[in-house]
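Chain by chain, the residues:
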Amino acid sequence: MRSNLRMTILVLLCALLVQNCECVLNQALADGFLGDPLLLKLVADQNEKNVRAIDCWQGAVEIVEQSQSKDGMQIKWRRHVHFAFDRQKQAWLWSNAWLEFSRTQGDDQLPSESLKLDGGMVKDSAYYQFSPYIPSSKQRKTVVIRPIEEYPGGLCVEFTPMEFFAADCGEAAYKRFGGLYSLTKIGGAKSWTVNRVGDMVTVSTTGEIRNHYEVDLSKGANVVRTFHSDMWLSEEITTEYEEKGGIWLPTLRVHKRARHEGTESFHREYKLKTSGVNHAMEESVISIESLGAVAGDRIVDRRDGSERTFGK
């Protein structure tokens, strides 16, 4: 008798669970969303688990970029970036060494002088900016300390190691897909479609503005390809990953963008090499000294308007 009662309760619970899932799916379908919304939650949860497993991370990136503007000017440059990230201290650093830089207009080579070290750091709720300088100038190098609110963030404007785990140029992938999952429950994910084939989950829209994400569940649920297109331009980001200590880390990212009429183009490659993940990190790794400052450089603090000479 007791066994039959348990079975009845189990059946009712299962039926209730299925009904709730169907309600979510039917609501999403009614609002124009196609696919199983729970796939979005699966991607978000697994991606967040992979990203949050990174307590600290050090490495280097070689970045090569070629671009062409509307006026026909072509710019080519190559730089080497050392970076370090510490989650517990909410601190990270990047230090650039410029290797090549050139500008051309048609067949004409435009004058340009290579820049030396520059970079930035986020530490102790402040944004440190080590400005580039011209080697031939007599001005001292300067480190400007700004309020953390002025930190621009993002690979599109600065260098942020954790940006490689973004869905594109922006917020972390798990936040993007977690937010989209929340929208499906209130009817706000119109025109979106999600489907799964093996370990690959595709999330996309259709229409004049197209957004497309490909996620590999076997690689930390990281985004391996992003594609955006509208009436004026198209953009694609592809990323490769490797496993280190149970964490999937990026090794190569290719970012391309072009206007449909061919007047503007942009191609940038990031080749990443991890030197350590979740290892003991000395305090000096993320510091003004590691940023490249030496005795005699200027330290300007925009938070209180003060100025001093480094090393004194």
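Residues numbered from 1 in each chain as written. Predicted model: local features only at pLDDT ≥ 70, side-chain atom pairs only at ≥ 80, totals over all residues. Heavy atoms only, no water.

1. Description of the packing of aromatic side chains
Here a ring pair, both rings aromatic, is described through the centre-centre distance and the interplanar angle of the planes. Per the stated rule, a full pass over the model turns up 12 aromatic pairs. For the pair Trp-92 and Tyr-151, a centre-to-centre distance of 5.7 Å together with 70° between the ring planes defines the contact as edge-to-face. A residue pair is termed long-range when its members are at least 10 positions apart, and Trp-92 in strand S3 (residues 91-105) and Tyr-151 in the loop between strand S7 (142-147) and helix H3 (173-184) qualify at 59 residues. As far as the burial class goes, Trp-92 and Tyr-151 line up, both buried. Stacked on the ring of Trp-98, the Lys or Arg Arg-79 has its end atom at 5.4 Å from the ring centre. If you follow Arg-257 out to its NZ or CZ, it ends over the ring of Phe-266, 4.5 Å from the centre. (Phe/Tyr/Trp six-rings, centres within 6.5 Å; stacked < 30°, edge-to-face > 60°. Helix = DSSP H or I, 4+ residues; strand = E, 2+ residues; numbered from the N terminus. Buried < 20%, exposed > 50% of the residue type's maximum accessible area, 1.4 Å probe, protein only. Lys NZ or Arg CZ within 6 Å of the ring centre and 35° of its normal.)

2. Points about the side chain of Asp-297
By the secondary structure assignment, Asp-297 is in the loop between helix H4 (288-291) and strand S15 (298-301). Of the polar contacts made by the side chain of Asp-297, one reaches the backbone nitrogen of Val-294; its length is 2.9 Å. Dropping the residues within four chain positions of it, Asp-297 is found in contact with Phe-130, Arg-140, Lys-141, Gly-292, Arg-308, Thr-309 and Phe-310. (Polar contact = N/O pair within 3.5 Å; in protein donor to acceptor, adjacent residues only side chain to side chain. Contact = heavy atoms within 4.5 Å.)

3. Some remarks on H3
The end-to-end C-alpha distance of H3 is 17 Å, a good match for the 16 Å that 12 residues give at a rise of 1.5 Å each. Every buried residue of H3 is accounted for by Ala-173, Tyr-174, Phe-177, Leu-180, Tyr-181 and Thr-184. All buried residues of H3 lie within an arc of 135° about the axis, which places them on one face of the element. (Expected span 1.5 Å × (residues − 1). Arc of directions from axis to C-beta.)

4. Here we look at the nonpolar core
Ile-54, Trp-57, Val-61 and Phe-159 are the most contacted members of the largest nonpolar core, which totals 25 residues. Among the elements that take part in this core, strand S2 (residues 73-86) stands out by supplying four residues, more than any other. By size, the runner-up hydrophobic cluster in this structure holds 20 residues, among which are Ala-173, Tyr-181, Ala-189 and Val-201. (Core = buried A, V, L, I, M, F, W, Y, C linked by side-chain atoms within 4.5 Å.)

5. Brief notes about unusual backbone geometry
Positive phi, normally seen in glycine, also occurs at Gln-90, with a value near 50°. Looking at the element boundaries, Gln-90 is found in the loop between S2 and S3. Assessed through its relative accessible area of 46%, Gln-90 is described here as partly exposed. Even without a glycine there, the phi angle at Ser-191 is positive, about 75°. Positionally, Ser-191 belongs in the loop between H3 and strand S8 (192-197).

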